[in-house]
Amino acid sequence: MTKAVIDQLKEKMGASVEALKRDLTKIRTGRATLSLLDGIKVNAYGSQMTLEQVGGLTIPESNMIAIKPWDPQLLPAIEKAILASDLGLTPASDGNVVRLTIPALTGERRKELVKQVKKLGEEYKVAIRNIRRDANESLKKMKKDKDISEDDMFRLQEEAQKVTDGFIGQIDEIVSGKEKEVMAV
């Protein structure tokens, strides 16, 4: 029973770290990555489809994404979907392929993005601490219900703190790596 509390704590914290990684891939760094296009839906054949479903996505250059639609009639719909997204990129089409050029980031924009990365990291640290708090409350309830002794509760709370410190360290490493990526010219 007590091991389950720690296992559940690790599972939830691991999921938070994975969610942070996913969220950070959506922050533009001046380099082309296909994850920038995640979540963009194209109105095709009467339904909303992802870009991967309507065409092939490639990165021909470090600052460019090319989208070659399976059906050339979808070019205007793809362009419209990209313009409607919050990417801030203008698509260029030659009739066969839609190209997105990722502009180089200015120093000021890089600093803004670093702030955004740090803020996101802090939000996930708070989420990790909330998971720890919930686990500690579960342990206190178990002690109150006489399922575990007071010594066991303190030992498990200590273990929960060590797990928390480990995951917060992971978040710091991930955020630091993303900051370096954003600041790299």
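Residues numbered from 1 in each chain as written. Predicted model: local features only at pLDDT ≥ 70, side-chain atom pairs only at ≥ 80, totals over all residues. Heavy atoms only, no water.

Description of the sheet that holds strand β3 (residues 55-61)
Where we set the bar: What makes two strands pair is DSSP finding at least two bridges between them. Secondary structure follows DSSP: runs of H or I at least 4 residues long count as helices, runs of E at least 2 residues long count as strands, and numbering of each begins at the N terminus. We call two residues in contact when some of their heavy atoms are within 4.5 Å. Lines are fitted to the C-alpha atoms to define the axes, a helix being fitted only along its stretch in contact, and any angle between axes, read from their N-to-C directions, falls within 0 to 180 degrees.
Spatial strand order, β3-β4-β6-β5: four strands in an open sheet with antiparallel pairing. Looking at which strands have only one partner, the edges of the open sheet turn out to be β3 and β5 (92-93). Relative to strand β4 (residues 64-69), β3 runs antiparallel, the two sharing five bridges. From the neighbouring strand, Gly 55 faces β4, where its bridge partner is Pro 69. Docked against the sheet, helix α3 (residues 75-84) engages β4, β5 and β6 (98-101), running at close to 20° with respect to β6.

Regarding the pattern of salt bridges
Close approach of charged atoms lets side chains of opposite charge pair. We apply this condition: We define a salt bridge as a contact between a side-chain nitrogen of Lys or Arg and a carboxyl oxygen of Asp or Glu at a distance within 4 Å. Buried, partly exposed and exposed residues are distinguished by accessible area as a fraction of the type maximum, computed with a 1.4 Å probe on protein chains only: under 20%, between the cut-offs, and over 50%, respectively.
Taken as a whole, this structure holds twelve salt bridges when the rule is applied. Salt-bridge contacts for Arg 99 lead to Asp 94; the nearest nitrogen and oxygen are separated by 3.1 Å. We classify Arg 99 as partly exposed; its relative accessible area is 32%. Lys 178 is paired through a salt bridge with Glu 181; the nearest N and O atoms lie 3.8 Å apart.

Here we look at the environment of Asp 71
Within the secondary structure, Asp 71 sits in the loop between β4 and α3. The sequence separation of Asp 71 and Val 54 amounts to 17 residues, and the corresponding C-alpha distance is 7.4 Å. If near-sequence neighbours (up to four positions away) are discounted, Asp 71 is found in contact with Tyr 45 and Val 54.

Things to note about the packing of helix α4 (residues 107-144) against helix α5 (residues 150-183)
We count it as follows: For classification purposes, angles smaller than 35 degrees are called roughly parallel, those larger than 145 roughly antiparallel, those between 65 and 115 roughly perpendicular, and all remaining angles oblique. Amino acids are sorted into nonpolar (Ala, Val, Leu, Ile, Met, Phe, Trp, Tyr, Cys and Pro), charged (Asp, Glu, Lys and Arg) and polar (every other residue, Gly among them).
Where α4 meets α5, the axes come as close as 10 Å, and the angle between the chain directions of the two elements is 170°. Classed by the angle they form, the pair α4 and α5 counts as roughly antiparallel. For the contact of α4 with α5, the residue count by class is 15 nonpolar, five polar and eleven charged.

Some words on the pairing of β4
Among the six residues in β4, five count as buried, and that is most of the element. Of the pairings in the sheet, the one linking β4 to β6 comprises four bridges and is antiparallel in character. Bridge pairing in β6 links Met 64 to Thr 101.

Distances and angles like these do not, on their own, reveal function.
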